[in-house]
Amino acid sequence: MKTIEKYAPSDLSEVIFGSENSLYLVNAIAQGAFDCHVLLHGPNGTGKTTTAELLAQAIGGEDALIETKDFNTVLAMPDLKDYLQRCASLARLTASGKYFVIWHEFDNAKANPNVLWTALDDLGSDVMLILTTNNFMKIHPSLRSRCKVVEMPALTAQDVLPRAQWILQQEGLVLERDQLLTYLKPQQVSGDLRKYFGELDKLLYLHKQGMPMPPWNPSATRQAMRVI
């Protein structure tokens, strides 16, 4: 099993954030400091999808009631408000407390979201909308204004390092911090968590085959760290 699947976060404390502001804001929402809709935006592989789903669980519990239909299907409903109202009424009778609508890559929505934001205004805190997007400006301004906006920036090797080092240790591979950082740094070009975890998979393969780790220059890495 790939490390990105085996060590997928089970709660928000295990999510890797590329910004302290994002970390604080997401945790504040999860703890009830803000009762709001949420828009997570950033490039590919920054944990938007995972954060959205774990945020709903943090608020509504493991059995949080979450919309299963895609956004184009729901937005095309002639009775969208009534539909969400029925779902919210059901959610209030459960431990979920509210109904969660989580839609990913919402910049690809084809329908006009006018009816959606009108329904959200009328339903208040009974429905929580959580959107993710790679293209913030393609989200309608009226939706952006109704959401707490959380930027999920590209991840640096330093962001990923603590979790990566812990994962390797769980698999029996102990590397020096600077050594592992050397292997992770080339993936900063994309900042994509999938690429970083792909590097961990390569290192674990070498380890399990009894092969040496890739060469690295300790003095060069430490000098680069001082520059940073």
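Residues numbered from 1 in each chain as written. Predicted model: local features only at pLDDT ≥ 70, side-chain atom pairs only at ≥ 80, totals over all residues. Heavy atoms only, no water.

As for the packing of helix α5 (residues 80-92) against helix α6 (residues 114-123)
- One can describe the packing of α5 onto α6 by two numbers: an axis separation of 9 Å at closest approach and a directional angle of 40 degrees. Comparing their axes, α6 and α5 come out oblique. The handedness of the crossing between α5 and α6 comes out as right-handed. Contacts between α5 and α6 involve Leu80, Lys81, Leu84 and Gln85 on the former and, on the latter, Val115, Leu116, Ala119, Asp122 and Leu123.
- Partitioning the contact of α5 with α6 into residue classes produces 6 nonpolar, 1 polar and 2 charged. (Axes fitted to C-alpha atoms, helices over the stretch in contact; angles between N-to-C directions. Helix = DSSP H or I, 4+ residues; strand = E, 2+ residues; numbered from the N terminus. Parallel < 35°, antiparallel > 145°, perpendicular 65-115°, else oblique. Left-handed = near helix turned anticlockwise from the far one by under 90°. Contact = heavy atoms within 4.5 Å. Nonpolar A, V, L, I, M, F, W, Y, C, P; charged D, E, K, R; others polar.)

As for the pattern of salt bridges
- A full pass over the atoms with the stated rule returns 11 salt bridges.
- Residue Lys6 pairs with Glu171 through a salt bridge whose shortest N-O separation is 2.8 Å. Here Glu171 lies in the loop between α8 (157-170) and α9 (177-184) and Lys6 lies in helix α1 (residues 3-6), a separation of 165 residues in the sequence.
- Judged by its relative accessible area of 46%, Lys6 falls in the partly exposed class.
- We classify Glu171 as buried; its relative accessible area is 19%.
- Among the ionic pairs, Asp35 bridges to Lys98, the shortest N-O distance being 2.7 Å. Taken together, the residues Asp35 in the loop between α2 (20-30) and β1 (37-41) and Lys98 in the loop between α5 and β3 (99-103) connect sequence positions 63 residues apart.
- Salt bridges sharing partners connect three or more residues here, namely Lys6, Glu171 and Lys208. (Salt bridge = Lys/Arg side-chain N within 4 Å of Asp/Glu carboxyl O. Buried < 20%, exposed > 50% of the residue type's maximum accessible area, 1.4 Å probe, protein only.)

A short note on the packing of aromatic side chains
- This structure, assessed with the given rule, holds 4 aromatic pairs.
- Pairing Tyr7 with Trp166 gives two aromatic rings, centres 5.8 Å apart and planes at 85 degrees, and the pair type is edge-to-face. Separated by 159 residues along the polypeptide, Tyr7 in the loop between α1 and α2 and Trp166 in helix α8 bring together distant segments of the chain.
- Here the aromatic rings of Trp103 and Phe106 are separated by 5.9 Å at their centres, their planes lie at 5 degrees, and the arrangement is stacked. (Phe/Tyr/Trp six-rings, centres within 6.5 Å; stacked < 30°, edge-to-face > 60°.)

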